[in-house]
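A closer look at the structure
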Amino acid sequence: MNCNGMTASRIESGTEIINLTLREKMVNRMVDLRSDTVTKPTESMRIAMANAEVDDDVLGHDPTAFRLEMEVARILGKEAGLFVPSGTMGNLISVLVHCEIRGSEVILGDNSHIHIYENGGISTIGGVHPRTVKNNQDGSMDIDLIEAAIRDRKMDICYPTTRLICLENTHANSGGRCLPVEYIDKVGELATKYGLKLHIDGARIFHASVALGVPVHRLVQAADSVSVCLSKGLGAPVGSVIVGSKGFIARAKTLRKTLGGGMRQVGVLCAAALVGLQENVAKLERDHKNAKTLAEGLNKIKGLKVDVASVETNIVYFDILNNAYVSTEKLCKNLEERGILVMSLNSSRVRLVVHHQISTTDVQYTLSCIKEAMTGVPYENGCK
């Protein structure tokens with residue numbers, strides 16, 4: 001079931017798409033909380049895209065792409081960067097560069113994005129074996145469990161060779177929780193001790209930086225490579241940047257071409273991402289505050305439960321209690337009729353993600369409509 005309660009097959013139906021469009025026109029406002037990937041390019045982004053200086057990036061000549069890559073690398077304290085179409089491709093390329101020999105093994109969280117949501121690409125394309133370690137509720141993995149998962153090289157005749165550790169910051173499935181710099185440093189020390197590489201899936205690394213009050217370059221200091229998503233909190237329409245050493249990026253660029261990710265006048269997209277870096281990082285703190293307000297408000301609604309303390313950035317999960325007699329499907333349909341889109345995860349769990357195009361008024365409106373849907377009683381501010 002997809003974000004607004006319809007099956008994929010129905011969404012693919014032309015009739016259903018027309019009906020959805022008609023419903024959208026009937027509501028007075030739209031509040032899209034399915035993900036922070038749903039933002040639309042701002043006017044300043046569109047102007048930058050229209051005026052972008054471009055050339056052939058596959059040949060290495062696109063000046064706007066080069067500016068973006070160098071700027072992201074500078075901010076993250078790495079030597080070089082590479083624009084890629086998606087975070088999934090960025091993570092895949094990074095793993096494959098570090099694990100060039102097929103049959104290599106990567107240690108990563110059992111609840112991580114790379115392991116669950118990226119189509120098993122590291123295995124199917126790279127022949128890399130995932131060795132999972134249990135993620136804690138805060139998204140971390142116990143250091144001693146990571147160390148225990150590292151293969152004994154004396155047994156290479158039997159075991160795959162451990163070459164890489166992957167972390168995710170913020171950790172999406174844990175509710176956008178932040179890995180602190182002290183923890184990342186310890187994992188980096190462990191990697192160095194055993195001659196391994198460390199990759200950080202930093203799709204929302206700027207969220208972690210703002211929430212922790214730690215410069216982003218310091219958060220990834222221990223990492224050999226980092227992938228940074230531009231189309232989530234930063235609000236760009238497309239793309240990610242991976243950063244690392246010059247040698248790492250040179251190999252990554254070849255793999256990008258192999259995977260079909262080499263594009264021509266990509267500066268049109270990179271121009272929007274540069275605007276996102278300049279204008280939207282400063283808005284992340286407000287997003288975090290709105291998410292906390294949303295979590296606290298939801299937790300006051302009868303029939304719902306939220307772990308408010310776990311809401312550190314822009315992601316909120318809430319559970320519908322068994323005695324509420326309201327399924328997520330019914331709730332999502334009710335909210336959709338009021339112009340609110342959310343992500344249903346199962347029959348009792350819902351995810352909301354705040355972004356820079358969600359206002360404090362949108363948060364109050366959402367709380368009002370959810371309370372009325374759950375209890376029949378309007379929220380204090382009303383659901384008009």
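Here the structure is a predicted model, which means the values were calculated and not measured. (Residues numbered from 1 in each chain as written. Predicted model: local features only at pLDDT ≥ 70, side-chain atom pairs only at ≥ 80, totals over all residues. Heavy atoms only, no water.)

UniProt annotation of "coiled-coil region" (unreviewed entry) refers to residues 274–338 when read in the numbering used here. As a span, residues 274–338 carries 49% helix and 12% strand, and end to end its C-alpha atoms are 34 Å apart. (UniProt positions renumbered as here; feature names shortened; annotations may be inferred. Helix = DSSP H or I, 4+ residues; strand = E, 2+ residues; numbered from the N terminus.)

A separate point is the pairing of strand E8 (residues 240–244). Among the five residues that make up E8, five are buried, leaving the element largely enclosed by the rest of the structure. Alternating residues of E8 divide into Ser240, Ile242 and Gly244 and Val241 and Val243, and every residue in both groups is buried. Relative to E8, strand E2 (residues 80–84) runs antiparallel, the two sharing five bridges. In the strand pairing of E8, Val84 is matched with Ser240. As paired strands, strand E7 (residues 225–229) and E8 are joined by five bridges and run antiparallel to one another. Looking across to E8, one finds that Val226 is bridged to Val243. (Buried < 20%, exposed > 50% of the residue type's maximum accessible area, 1.4 Å probe, protein only. Pairing = 2+ DSSP bridges.)

Scanning the model with the defined rule gives twelve salt bridges in all. With a shortest N-O distance of 2.8 Å, Arg204 and Asp36 are connected by a salt bridge. With a gap of 168 residues between them, Arg204 in the loop between strand E6 (197–201) and helix H10 (205–212) and Asp36 in the loop between strand E1 (31–32) and helix H3 (43–50) connect regions that are remote in the sequence. Asp36 carries the same exposure label as Arg204, and that label is buried. (Salt bridge = Lys/Arg side-chain N within 4 Å of Asp/Glu carboxyl O.)

Strand order in the open sheet formed by seven strands is E2-E8-E7-E6-E5-E3-E4, and the pairing between neighbours is mixed. Two strands bound the open sheet, and with one partner strand each, they are E2 and strand E4 (129–133). On average, each strand axis in the sheet is tilted by 25 degrees relative to the strand beside it, whichever way the strands run. Pairing of strand E5 (residues 161–168) with E6 involves five bridges; the strand directions are parallel. Counterpart to Leu164 in the pairing with E6 is Lys197. (Axes fitted to C-alpha atoms, helices over the stretch in contact; angles between N-to-C directions.)

Turning to empty space enclosed by the protein, a few remarks are in order. The tally for this structure, following the rule as stated, stands at three cavities of 30 Å³ or more. When its volume is computed, the largest cavity comes out at roughly 70 Å³. Every element with two or more residues in the lining of the largest cavity is listed here: strand E3 (104–109) and E5. In terms of residue count, E5 provides more of the lining of the largest cavity than any other element does, three residues in total. For the lining of the largest cavity, the residue count by class is five nonpolar, five polar and two charged. (1 Å grid on protein atoms, 1.4 Å probe; cavity = no way out; pocket = protein on both sides within 12 Å on 5 of 7 lines; lining within 4 Å. Points joined across faces, edges and corners; volume = space filled by probe spheres on them. Nonpolar A, V, L, I, M, F, W, Y, C, P; charged D, E, K, R; others polar.)

A few words now on the layout of surface pockets. Reported here for the largest pocket is a volume of approximately 460 Å³. Residue lining of the largest pocket: 28 residues in total, with Ser35, His113, Arg204, Lys232 and Arg351 positioned closest to the centre. Mapped onto the lining of the largest pocket, the elements with two or more residues apiece are helix H5 (87–98) and helix H6 (113–117). Residues of the lining of the largest pocket, tallied by class, amount to ten nonpolar, eleven polar and seven charged. When residues are assigned to domains, the lining of the largest pocket turns out to be shared by domain 1 (43–279) and domain 2 (283–375), each giving three or more. Looking at the second largest pocket, its volume works out to about 320 Å³. Lining the second largest pocket are 17 residues, with Gln137, Ser174, Asp307, Ser310 and Arg349 sitting closest to its centre. Sort the elements by how many residues they give to the lining of the second largest pocket and strand E10 (residues 315–320) lands first, with three residues. (Domains from an automatic or database assignment.)

Strand order in the open sheet formed by four strands is E9-E10-E13-E12, and the pairing between neighbours is antiparallel. The open sheet has two free edges, formed respectively by strand E9 (304–305) and strand E12 (343–344), since each of these has just one partner strand. Of the pairings in the sheet, the one linking E10 to strand E13 (residues 349–353) comprises five bridges and is antiparallel in character. Within E13, the position partnered with Phe318 by the bridge is Val350. Across the face of the sheet, helix H14 (residues 284–299) comes into contact with E9, E10 and E13 while running at roughly 10 degrees to E10. (Contact = heavy atoms within 4.5 Å.)

To continue, consider the UniProt feature "modified residue: N6-(pyridoxal phosphate)lysine" (unreviewed entry) in the chain. In this numbering, the UniProt entry assigns the feature "modified residue: N6-(pyridoxal phosphate)lysine" (unreviewed entry) to Lys232. Looking at the element boundaries, Lys232 is found in the loop between E7 and E8. You can call Lys232 buried: its relative accessible area is 16%. In this structure Lys232 touches Asp36, Thr37, Thr39, Ala203 and Arg204, once residues within four positions along its chain are discounted.

Before going further, it helps to examine the environment of Val363. Among the secondary structure elements, Val363 is positioned in helix H16 (residues 360–375). The spatial distance from the C-alpha of Val363 to the C-alpha of Val31 is 8.6 Å, given a sequence separation of 332 residues. Excluding anything up to four places from it in sequence, Val363 contacts Asn290, Thr293, Leu294 and Ile358.

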